[in-house]
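In case you want the letters, here they are:
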Amino acid sequence: METPPNSMQSDFRVSTLKKKIIKQEFWALRGISFSLPKSRMLGIIGDNGSGKSTLLKLLAGITYPSEGELKTYGKVAAMLELGVGFHPELSGMENIFLTGSVLGMSHKEITSSLSRIIDFSGLGDFIYTPVKHYSSGMFARLGFSIAIHSEPDILLVDEILAVGDAEFQMRCLEEIKRLRAQGTTVVLISHNISLVEMLSDEVFWLDKGRVRATGNPSEVCHLYRQTIARREEKLQQGAHPYFQAVKEQHIHHTSAILLSAEITDIDGTPKSTFTTGEPIKIYIRYHTPQPVK
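So, a few notes on the structure that sits alongside this text. (Residues numbered from 1 in each chain as written. Predicted model: local features only at pLDDT ≥ 70, side-chain atom pairs only at ≥ 80, totals over all residues. Heavy atoms only, no water.)

Examining the nonpolar core
In this structure, Ile45, Ile96, Leu142, Phe144 and Leu155 are the most contacted members of the largest nonpolar core, which totals 45 residues. Element by element, the count of residues in this core is highest for helix α4 (residues 136-149), at 8 residues. Residues Leu58, Leu59, Ile154 and Phe204 belong to the second largest nonpolar core, which totals 17 residues. (Core = buried A, V, L, I, M, F, W, Y, C linked by side-chain atoms within 4.5 Å. Buried < 20%, exposed > 50% of the residue type's maximum accessible area, 1.4 Å probe, protein only. Helix = DSSP H or I, 4+ residues; strand = E, 2+ residues; numbered from the N terminus.)

This is the structure we're talking about:
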């Protein structure tokens, strides 16, 4: 699979109370270029809004790039969002034939795989219930079961393992491994960084529509975890009651100045993460002419 250097562009307009129209160019993805060999697995990580789902929609052919070109070879099966492609008024059984047809399966192929699709989904008699009554877990089980039994050349998976029970998730992983052993190429999006790190041959870290890092799963995931940890540290520090009290003191024109703050282990080595029950030391230096509650 190959994706273009410039992937997707869209415009959005904001209407103000004065009915002025503000038009601004927005690129959901920019400067993306990669190729993925057969039977390899690519993991894609990044914050919400970084362009992960847009990239999968481009690969699935749901939308098309504004610039550049994209090529996929073989049958593509996509699990992008819960219930996408399902008709809410139709039963699970009817949606198997509908979705299977969309995925390129013939009526004969669907019929021959029907019992295996139902068994894997674990829906039992609920297979005859309209899917509008399904839970998110039931949607995921049925959708994933149809996708994998279409025997795709390329499987696109977007957070499908975030729903469903532990047993279903384990069965999904086993099926993904089976498909890869048969030569299926897999692209996986997940906020479960450990899962992406464990399964992928290569990892993309998308940040605001661009590739922040790519390469070895352990290295890229480690960089992403470090960035998240530093961001959370700053947020927690700014929201702490002490820091809020210092701000209030400044607002009321009484000088209270924080000089430094540091968290260390029992030996005095600075740390930002601790295990439950581990002793910590907190050092705070501040200057104030009067007491701070």
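With respect to a nonpolar patch on the surface
Where nonpolar side chains cluster on the molecular surface, the patch consists of Ile263, Ile280, Ile282, Ile284 and Tyr286 and spans about 450 Å² of accessible area. Take the nonpolar patch: its biggest share by element is 3 residues, from strand β10 (residues 281-287). With respect to the helices and strands, the residue Tyr286 is situated in strand β10. Of the residues examined, Tyr286 reaches a relative accessible area of 41% and is grouped as partly exposed. (Patch = residues over 30% accessible without salt bridge, like charges linked within 9 Å, V, L, I, M, F, W, Y side chains within 5 Å. Areas by Shrake-Rupley, 256 points an atom, 1.4 Å probe, with all protein chains shown as cover. Salt bridge = Lys/Arg side-chain N within 4 Å of Asp/Glu carboxyl O.)

Examining the environment of Thr185
Summarising the element assignment, Thr185 is placed in strand β6 (residues 185-189). Of the residues examined, Thr185 reaches a relative accessible area of 5% and is grouped as buried. Here the alpha-carbon distance between Thr185 and Pro152, two residues 33 residues apart in the chain, equals 8.6 Å. At 3.1 Å, the side chain of Thr185 forms a polar contact with the backbone nitrogen of Ser39. (Polar contact = N/O pair within 3.5 Å; in protein donor to acceptor, adjacent residues only side chain to side chain.)

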